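Chains, contacts and geometry: an overview
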Amino acid sequence: LTDKKVTVVFVLGGPGSGKGTQCANIVEHYGYTHLSAGDLLRAEIKSGSENGTMIQNMIKEGKIVPSEVTIKLLQRAMNESGNDKFLIDGFPRNEENRAAFELVTGMEPTFVLFFDCLEEEMERRLLSRNQGREDDNIETIRKRFRVYMESSLPVIEYYNSKGKVRKIDAAKPVEEVFEAVKEVFTPSNA
Ligand code: UP5
Ligand code: MG
């Protein structure tokens, strides 16, 4: 997987900005494998792994799980997929995540899809999601927003300075957001 032909797109944006929703659309149209770091961590909790309790506590507090744990899960999922095109959703969340991923995998994203959305709208979506996520309560949501502002936005700034960010207005209805996403993935742009 250190092969140069592997395509990685980081899909970033605040909690509830629509990363998972739009990744599902992208997969249907463009042949990528969707890897949600949060989904992989939640599956790790369910599997009863030795890290499960630690991961569960971090997610409940909206904190960022140590890079080595998340990167191992991502690498395993990439290897198991048999694909060479990946949407990595919700990772990297801080500078340390970003630097560790590049160091360990030798990969850099082709570009970064950034879903930009106002906090009020994201909060509304998360509070009405009702999928039993332990972090979808107002206390944890506030913590997730703070971590996003303090730790994750600087990663987006970093890639923006390298000209790699494709910013999408994510406050619009799902179909309209996907129209904008499609423009990014048309061959002349991607
Ligand atoms: N919805 C979506 N799009 C909409 C639209 N355009 N208009 C109206 N409604 C829309 O969407 C959220 C909800 O909004 C859904 O009900 C959807 O139908 C609706 P979704 O697509 O799920 O948004 P998403 O951005 O994926 O929100 P999510 O809650 O998954 O984002 P987070 O970044 O908070 O969650 P994630 O799972 O990535 O991480 C959870 C936690 O895991 C983190 O807080 C952290 O503790 C841990 N984590 C790490 O430690 N490291 C990692 O690398 C990753 C995660
Ligand atoms: Mg998600």
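Residues numbered from 1 in each chain as written. Chains lettered and ligands numbered in written order. Predicted model: local features only at pLDDT ≥ 70, side-chain atom pairs only at ≥ 80, totals over all residues.

Taking an unreviewed UniProt entry as the reference, the chain is identified by name as UMP-CMP kinase belonging to Coffea arabica. Per UniProt, the chain has the following entry under Function (unreviewed entry): "Catalyzes the phosphorylation of pyrimidine nucleoside monophosphates at the expense of ATP. Plays an important role in de novo pyrimidine nucleotide biosynthesis. Has preference for UMP and CMP as phosphate acceptors." UniProt, in its Sequence similarities (unreviewed entry) section for the chain, records the words "Belongs to the adenylate kinase family. UMP-CMP kinase subfamily." (UniProt positions renumbered as here; feature names shortened; annotations may be inferred.)

**A short note on the sheet that holds strand β1 (residues 7-13)**
Spatially, β2-β3-β1-β4-β5 is the arrangement adopted by the 5 strands of the open sheet, whose pairing is parallel. Taken across any chain shown, the strands that pair with only one partner, and hence form the sheet edges, are β2 (33-36) and β5 (165-169). Averaged over all pairs of adjacent strands, the angle between strand axes in this sheet comes to 20 degrees, irrespective of strand direction. For β1 and strand β4 (residues 111-116), the ladder comprises 5 bridges, and the chain directions are parallel. Along β4, the bridge assignment pairs Val 9 with Phe 111. Helix α1 (residues 19-30) contacts β1, β2, β3 (85-89) and β4 of the sheet and is inclined by roughly 170 degrees relative to β3. With respect to the sheet, helix α2 (residues 37-46) is in contact with β2 and β3, its orientation differing from that of β2 by roughly 65 degrees. (Pairing = 2+ DSSP bridges. Helix = DSSP H or I, 4+ residues; strand = E, 2+ residues; numbered from the N terminus. Axes fitted to C-alpha atoms, helices over the stretch in contact; angles between N-to-C directions. Contact = placed C-beta atoms within 7 Å.)

**Here we look at the environment of Gln 22**
Mapped onto the elements, Gln 22 comes out in helix α1. For the pair formed by Gln 22 and Phe 115, sequence separation is 93 residues and the distance between their alpha carbons is 9.5 Å. When residues no more than four places from it in sequence are discounted, the contact partners of Gln 22 are Phe 115, Val 177, Phe 178 and Val 181.

**Some points on the site of ligand 1**
Surrounding ligand 1, one finds 30 residues, the nearest of these being Pro 15, Gly 18, Thr 21, Gly 38 and Gly 90. Sorting the residues of the shell around ligand 1 by element identifies α1, α2, α3 (52-60), α6 (119-127) and α8 (174-185) as the ones contributing at least two each. Its residues assigned to classes, the shell around ligand 1 shows 12 nonpolar, 11 polar and 7 charged. (Near = placed C-beta within 6 Å. Nonpolar A, V, L, I, M, F, W, Y, C, P; charged D, E, K, R; others polar.)

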